[in-house]
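Here are the chains, one letter per residue:
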Amino acid sequence: MRPLLALFSSIAALFLVSCHGPSVQKEGILYDRIDTAVSPANDFFQYASGNWIKKNPIPEEQSSWGIGNLVIEENISRLRGLCEKASAAKAAKGSPEQLLGDYWAMAMDSSKIESQGLQPLQPLMDSIEKIRSIGELVLTVARFKQLGSSTLFSDFVTQDDKNSSVMAYKLWQGGLGLPEREYYFRQDSATTAIRNAYQEYISHLLQMAGKDSLAAVTSARRIMELEIRLAGSHRKLEDLRDPYRNYNKMSVAGLEKICNAIDWKGYLKVTGIASVDSIIVGQPEFFKTLGQALSTTPIDVWRDYVLFNLVNDLSFALPDRFGQAAFEFSRLFSGAKARKARWKRVVSLEENAMGELMGKLYVREFFNEKAKQRYERMVEDIRSALKDRIRQLDWMSD
């Protein structure tokens with residue numbers, strides 16, 4: 001966002017100077033963004049955008065800020081209005097208004113959320129406590145993935161990289177609470193502090209979930225050791241850029257040869273994709289290590305691991321102390337100083353959960369036929385201008 005701001009400001013500044021010289025008229029929205037106290041020869045970005053930056057400090061709830069964020073904030077306010085309107089309406093059951101309105105009313109009822117505590121999560125926590133085997137663990141994980149808590153590994157449906165006309169089921173390295181593998185192995189002071197903070201966060205969340213302090217500390221240490229083991233088989237970020245190495249298509253039987261600790265047919269049945277005939281495995285070596293870890297790590301460690309991930313992944317829907325703890329830990333990576341207001345968090349959650357339905361109401365409210373025609377003309381004008389420019393490029397062939 002900053003480079004674009006600087007570009008537009010620069011063009012305007014150069015235009016004014018070249019056309020009018022020293023007697024330039026000092027007015028206009030672009031000129032107001034220029035910091036004339038800075039020499040463009042020393043710091044052109046600060047010169048072109050300095051005043052705008054001074055007048056628009058980064059809000060405490062944000063990690064970055066620019067002109068585009070102003071548009072985003074306006075849009076979020078519009079979405080809030082749609083949600084509030086839907087919540088107040090007595091819409092027909094099953095309609096977009098009813099679904100969006102009920103979600104909004106439930107998620108905004110902080111008093112009820114606080115009074116319920118962990119009660120809505122208790123059946124899931126009880127199911128974790130009942131796990132006695134790796135088979136039960138895997139099936140529990142499969143059910144939890146459908147609820148929004150993803151552990152052990154990542155799996156998703158996307159286009160086949162070698163045949164974009166079909167969709168494919170992919171398995172990817174995962175199972176870590178920190179952003180990527182290097183956070184588990186770098187020994188600099190900043191990374192070490194993050195690892196320590198993560199282990200403390202695990203312990204804190206487990207205590208809030210009902211474990212006593214001593215048991216929570218022990219569980220956090222063992223979970224960390226487990227994740228370090230899994231991280232050891234993760235590919236580095238630069239290795240993930242190789243699309244050929246990350247494309248390993250195989251049958252379910254082939255996957256079972258790599259990781260036979262998991263009943264893949266049972267797992268796929270629970271997730272609802274039992275009819276898949278092939279799987280693209282991104283990093284086979286990770287799934288080999290995962291299988292070994294499943295076979296050799298005590299089941300009580302896995303129970304604690306799944307419990308922590310469940311509470312962490314659903315912290316946004318739990319009493320505020322859970323969400324606040326998750327935010328405080330996330331500050332180590334985001335730089336944001338304050339948690340966003342509940343209504344903003346709910347808008348984001350609702351958009352992720354029911355974005356198509358929200359989009360339908362948004363178009364009806366804010367994108368009428370007149371606006372549609374305006375933007376269609378804009379797109380065609382841009383297309384036409386680019387077409388004319390491309391025709392004049394002597395280095396491009398037909």
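It should be emphasised that the depicted structure is a prediction, and the values quoted were computed from it without experimental measurement.

(A) Here's a closer look at the overall build of the protein chain. Counting its secondary structure elements, the protein chain contains 16 helices and 4 strands. Taking all 398 residues of the protein chain together, 39% fall into the buried category. Sequence-distant contacts, at least 24 apart, represent 65% of the contacts inside the protein chain between residues at least 6 apart. When the accessible surface of the protein chain is totalled, it reaches about 23,000 Å², and 54% of it is carbon and sulfur. Across the protein chain, the 52 positively charged side chains and the 49 negatively charged ones have centroids separated by 1 Å.

(B) Structural view of the packing of helix α9 (residues 213-231) against helix α13 (residues 299-313). Running from N to C, α9 and α13 point in directions that differ by 95°, and their axes come no closer than 9 Å. Here α9 lies roughly perpendicular to α13, going by the angle between them. Note on element contacts: α13 touches α9 through D300, V301, W302, D304, Y305 and F308, opposite S219, R222, I223, L226 and E227.

(C) Quick look at α13. With 15 residues, α13 ought to run about 21 Å at 1.5 Å a step, and its terminal C-alpha atoms sit 21 Å apart, in line with that. All of the buried residues in α13 are V301, W302, R303, D304, Y305, V306, L307, F308, N309, L310 and V311. Of the surrounding elements, those touching the buried residues of α13 are α6 (122-129), α7 (134-147), α8 (189-208), α9, α12 (284-296) and α14 (320-334).

(D) The arrangement of unusual backbone geometry in detail. Its identity is not glycine, yet L152 carries a phi of approximately 70°, on the positive side. Looking at where L152 falls in the secondary structure, it is placed in the loop between α7 and β1 (154-160). By relative accessible area, L152 is classed as buried at 1%.

(E) Focus on the pattern of salt bridges. Taken as a whole and assessed by the stated rule, the structure comprises 19 salt bridges. The salt bridge involving E73 is made with K344; its shortest N-O contact spans 2.7 Å. On the criterion of sequence distance, the pair formed by E73 in helix α3 (residues 67-88) and K344 in helix α15 (residues 342-366) is long-range, its members being 271 residues apart. With respect to burial, E73 and K344 carry one shared label: buried. Through salt bridges with shared partners, a single ionic network connects E61, E73 and K344.

(F) Layout of the nonpolar core. In terms of nonpolar packing, the biggest core is built from 64 residues, with F153, W264, L290 and W302 touching the most fellow members. Considering every element that reaches this core, the biggest residue donor is α13, with 8 residues. Setting aside residues up to four positions removed in sequence, L290 forms contacts with L152, F153, L230, I262 and W302. Within the second largest apolar cluster, 15 residues are counted, among which are A107, V346, V347 and M358.

(G) Focus on a nonpolar patch on the surface. A cluster of nonpolar residues, V363, F367, Y375, M378, I382, L386, I390, W395 and M396, forms a patch on the protein surface that exposes about 880 Å² of accessible area. Ranked by residues supplied to the nonpolar patch, first place goes to helix α16 (residues 369-391) with 5 residues. Looking at the secondary structure, you find V363 in helix α15. Of the residues examined, V363 reaches a relative accessible area of 42% and is grouped as partly exposed.

(H) Expanded view of the packing of α7 against helix α11 (residues 264-271). Across the interface, α7 lies against α11 with an axial gap of 9 Å and an inter-helix angle of 25°. With respect to each other, α7 and α11 are oriented roughly parallel. Viewed along their axes, α7 and α11 form a crossing whose handedness is right-handed. Along the contact surface, α7 presents V138, L139, A142, R143, K145 and Q146, while α11 presents G266, Y267, V270 and T271.

(I) Region of interest: the sheet that holds strand β2 (residues 163-172). Across the sheet, 4 strands lie side by side as β1-β2-β4-β3; this open sheet has mixed pairing. Each edge of the open sheet carries a strand with a single partner, namely β1 and β3 (248-250). Across the sheet, the mean angle separating the axes of adjacent strands is 35° when strand polarity is ignored. Two strands pair when backbone bridges link them, and β3 and strand β4 (residues 279-281) are joined in this way by 3 bridges, in the antiparallel orientation. The residue of β4 that forms the bridge with K249 is I280.

(J) Up close: the packing of aromatic side chains. All told, the structure shown has 16 aromatic pairs when counted by the stated rule. An angle of 85° between the planes, with centres 5.1 Å apart, marks the rings of F286 and F287 as edge-to-face. For F287, a relative accessible area of 0% puts it in the buried group. Geometry around Y183 places R186 over its ring, the cationic atom sitting 5.2 Å from the centre.

Cut-offs applied
- Residues numbered from 1 in each chain as written.
- Predicted model: local features only at pLDDT ≥ 70, side-chain atom pairs only at ≥ 80, totals over all residues.
- Heavy atoms only, no water.
- Helix = DSSP H or I, 4+ residues; strand = E, 2+ residues; numbered from the N terminus.
- Buried < 20%, exposed > 50% of the residue type's maximum accessible area, 1.4 Å probe, protein only.
- Contact = heavy atoms within 4.5 Å.
- Areas by Shrake-Rupley, 256 points an atom, 1.4 Å probe, with all protein chains shown as cover.
- Lys, Arg positive; Asp, Glu negative; His and termini not counted.
- Charge placed at Lys NZ, Arg CZ, Asp CG, Glu CD.
- Axes fitted to C-alpha atoms, helices over the stretch in contact; angles between N-to-C directions.
- Parallel < 35°, antiparallel > 145°, perpendicular 65-115°, else oblique.
- Expected span 1.5 Å × (residues − 1).
- Salt bridge = Lys/Arg side-chain N within 4 Å of Asp/Glu carboxyl O.
- Core = buried A, V, L, I, M, F, W, Y, C linked by side-chain atoms within 4.5 Å.
- Patch = residues over 30% accessible without salt bridge, like charges linked within 9 Å, V, L, I, M, F, W, Y side chains within 5 Å.
- Left-handed = near helix turned anticlockwise from the far one by under 90°.
- Pairing = 2+ DSSP bridges.
- Phe/Tyr/Trp six-rings, centres within 6.5 Å; stacked < 30°, edge-to-face > 60°.
- Lys NZ or Arg CZ within 6 Å of the ring centre and 35° of its normal.

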